[in-house]
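# Summary of structural features
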Amino acid sequence: MKANTKRIEKHIRKLSEFTATPNKGITRLTYSQEDLLARNYIKEQMEAYGLTVREDGLGNIFGKLPGTKKDAPSVLVGSHFDSVPNGGAYDGAAGVVAGLEVAALFQENNLTPTYPLEIIAMVEEEGTRFEGGLMGSRGIAGALGEFAQNQIKDRQGIIVAEAMKNIGLDPTKDTCRDPKSIKAFLEMHIEQGPILEEAKTPIGVVEAIVGLTQLEVTIKGKAGHAGTTPMDRRSDALVAAATIIAKLPAIAMEIGEGTVITVGRHEVFPNGANVIPDKVLFSVDIRSGKEEHIQQAIQKTKDVIKSYQEQGIQTSIEQSFYIPPKELSPEIRTLLRESCNQLDIPYLTMNSGAGHDAMIFSGITDVGLIFVPSKDGLSHCPEEWTDVMDLAVGVDVLYDAAKKLTE
Ligand code: HGY
Ligand code: MN
Ligand code: MN
């Protein structure tokens, strides 16, 4: 084993200290004080490993080890460092830590690459603060509007640029990378499911990532007194929303083949116990491995919502983003399988039901994604856990692949 488990453990432990909910998992919102503490730690470690550090116009962090080949494209290795509310210590962080450890191994072995190595820690993959998610990688890939920092806002109406300045970041810096400046992107991520653990296999080589979309649904009714309004004279937005939401799982089950539909976030207004709700906002997260299945699920979901015609209820739907299913680079998948074989590390090939920054990068460069096991398949919760030995095995594969891609 080449990776240093002590260093890996230290980085995971330190990053997990930067949370707004220390008693209930990791809550690290982009551009929060917790982001700032994590960012400073990551930059410090990048400098300690001999990297030249910079932040772009969204606050993505890059640590570069120059190569000998002039103006050559870089091999990027990393993941995201934001979290879901009350999430776990490994989602995203494991991939950033793996990148740091790859840099440490390059330094320890005095490796000077031909192609530059860039370790990357990205913002806002989860979409917990700014809707849509994958914001950091979409910015790098040029998939956000030119003035995104002044247009994208959080649910308190704070724009990205303002939130960035609040922690000392400069939103006017360049963000979009010329695809010709990137040779490949490698990401290690926890599986967030049970497959590797049940197969007692340390590595998953990901072949494709599901397509996903998120709808933002608004249900409008009429506020009223809970005590004096007869049941047959109500336009209760929450009853309407609940009736609609209860019909959505059947759509996914009917389409099948791994199609999933989740209502993860909802807000009730005015949210008073003795007031009939007049507005409900809720999210609908739809995923499937096949594009036609996602389109079917979107259409059926919209039909269910529009078919709700109770008196005084109005519905509206916005699609916050759509990313088609992505097959990852066959060449890099072969390279990763070869690394596993040469290191005598068992692996499985598999697809990803979770979205990842890798799917955005696959639109502009060759991408490789490896999974390491999640205990009990749990993720997006405080119980999320991956053994440090599994993290270290993943780093060994990543390090071998990064050496080959940069030589
Ligand atoms: O939602 C996802 O699949 C990822 O964790 N952002
Ligand atoms: Mn996640
Ligand atoms: Mn993630």
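No experiment lies behind these values; they were computed from the predicted model shown.

### With respect to the overall build of the protein
Summing up its helical and strand segments, the protein has 12 helices and 16 strands in all. In terms of overall dimensions, the protein has C-alpha extents of about 75 × 45 × 40 Å along its principal axes. By the burial criterion, 55% of the 407 residues in the protein qualify as buried. By sequence separation, contacts in the protein at least 24 residues apart represent 79% of the contacts at least 6 residues apart. Entry remark: accessible area of the protein is about 17300 Å², with carbon and sulfur atoms responsible for 50%.

### Quick word on the coordination of the manganese ion (ligand 2)
With distances of 2.1 to 2.8 Å, the protein atoms coordinating the manganese ion (ligand 2) are Asp91 (OD), Glu126 (OE), Glu126 (OE) and His380 (NE2). Written as a sequence motif, the donor residues of the manganese ion (ligand 2) are D-x34-E-x253-H. The metal-metal distance between the manganese ion (ligand 2) and the manganese ion (ligand 3) comes to 3.4 Å, with aspartate 91 coordinating both. One end of the pair, aspartate 91, is in the loop between β3 (74–80) and α3 (93–108); the other, glutamate 126, is in the loop between β4 (117–122) and α4 (135–140), with 35 residues separating them in the sequence.

### Side note on the nonpolar core
Core analysis: the biggest nonpolar cluster contains 69 residues, and Ile8, Tyr31 and Ile203 have the highest contact counts within it. The contacts of tyrosine 31, once residues within four sequence positions are left out, are Arg39, Leu58, Val123, Arg129, Phe130, Met135, Val160, Ala163, Met164, Ile167 and Leu169. In this structure, Ile255, Val268, Val280 and Val284 belong to the second largest nonpolar core, which totals 24 residues.

### Considerations on the site of ligand 1
Close contacts around ligand 1 come from Glu125, Glu126, Arg287, Ala354, Gly355 and His380, and that covers them all. At 2.9 Å from a nitrogen atom of ligand 1 is found a side-chain nitrogen or oxygen belonging to glutamate 125. Contacts to ligand 1 include histidine 380, whose side-chain N or O atom sits 3.1 Å from an oxygen atom. Within the complex, 87% of the 210 Å² of free accessible area of ligand 1 lies under protein. The class makeup of the residues in the shell around ligand 1 is one nonpolar, two polar and three charged.

### Overview of the side chain of arginine 333
Counting through the fold element by element, arginine 333 comes out in helix α10 (residues 330–342). With relative accessibility at 11%, the residue arginine 333 sits in the buried group. Excluding its chain neighbours within four sequence positions, the residues that come into contact with arginine 333 are Val205, Val206, Glu207, Glu327 and Leu328.

### Details of the coordination of the manganese ion (ligand 3)
At the metal site, the manganese ion (ligand 3) is ligated by His80 (NE2), Asp91 (OD) and His189 (NE2), and these contacts range over 2.1 to 2.2 Å. Going along the chain, you hit the donors of the manganese ion (ligand 3) in the pattern H-x10-D-x97-H. Exposure remark for histidine 80: the relative accessible area of 0% places this residue in the buried category. Overall, histidine 189 belongs to the buried group, its relative accessible area being 1%.

### Things to note about the domain arrangement of the protein
Taken domain by domain, the protein consists of domain 1 (5–210 + 325–406) and domain 2 (211–323). A C-alpha centroid distance of 33 Å is found between domain 1 and domain 2. Listed per partner, the contact involves 14 residues of domain 1 and 15 residues of domain 2. A combined buried area of about 1000 Å² lies between domain 1 and domain 2, and 64% of that area is made up of carbon and sulfur atoms. Scanning the region where domain 1 abuts domain 2 turns up zero salt bridges. Counting every contact that joins domain 1 to domain 2 gives one residue pair in polar contact (both at pLDDT 80 or more). The class makeup of the residues in the side of domain 1 that touches domain 2 is seven nonpolar, three polar and four charged.

### Observations concerning unusual backbone geometry
For the peptide bond that leads from phenylalanine 269 to proline 270, omega is 0°, which places it in the cis range. Note on placement: proline 270 falls in the loop between β10 (266–269) and β11 (275–276). Positive phi, normally seen in glycine, also occurs at aspartate 71, with a value near 55°. With respect to the secondary-structure elements, aspartate 71 resides in the loop between β2 (61–65) and β3. The phi angle at histidine 380 is positive, at roughly 55°, despite the residue not being glycine. Among the secondary structure elements, histidine 380 is positioned in the loop between β16 (366–372) and α12 (388–406). Of the residues examined, histidine 380 reaches a relative accessible area of 42% and is grouped as partly exposed.

### Here we look at the pattern of salt bridges
Counting across every chain of the model gives 18 salt bridges. Residues arginine 39 and aspartate 35 are paired through a salt bridge, measuring 2.7 Å at the closest nitrogen-oxygen approach. Within this pair, arginine 39 and its partner aspartate 35 are both found in helix α2 (residues 33–48), separated by four residues, close to a single helical turn. The pair arginine 39 / aspartate 35 is uniform in exposure class, with both members buried. Residue arginine 39 is joined to glutamate 55 by a salt bridge in which the shortest nitrogen-to-oxygen separation is 2.9 Å. One end of the pair, arginine 39, is in helix α2; the other, glutamate 55, is in strand β1 (residues 52–55), and 16 residues separate them in sequence. Residues joined in a network through salt bridges with shared partners are Asp35, Arg39, Lys43 and Glu55.

The rules we used
- Residues numbered from 1 in each chain as written.
- Chains lettered and ligands numbered in written order.
- Predicted model: local features only at pLDDT ≥ 70, side-chain atom pairs only at ≥ 80, totals over all residues.
- Heavy atoms only, no water.
- Helix = DSSP H or I, 4+ residues; strand = E, 2+ residues; numbered from the N terminus.
- Buried < 20%, exposed > 50% of the residue type's maximum accessible area, 1.4 Å probe, protein only.
- Contact = heavy atoms within 4.5 Å.
- Areas by Shrake-Rupley, 256 points an atom, 1.4 Å probe, with all protein chains shown as cover.
- Donors = N, O, S within 2.8 Å, 3.2 Å for Na, K, Ca; no water.
- Core = buried A, V, L, I, M, F, W, Y, C linked by side-chain atoms within 4.5 Å.
- Near = heavy atom within 4 Å.
- Polar contact = N/O pair within 3.5 Å; in protein donor to acceptor, adjacent residues only side chain to side chain.
- Nonpolar A, V, L, I, M, F, W, Y, C, P; charged D, E, K, R; others polar.
- Domains from an automatic or database assignment.
- Buried area = accessible area lost by both parts, 1.4 Å probe.
- Salt bridge = Lys/Arg side-chain N within 4 Å of Asp/Glu carboxyl O.

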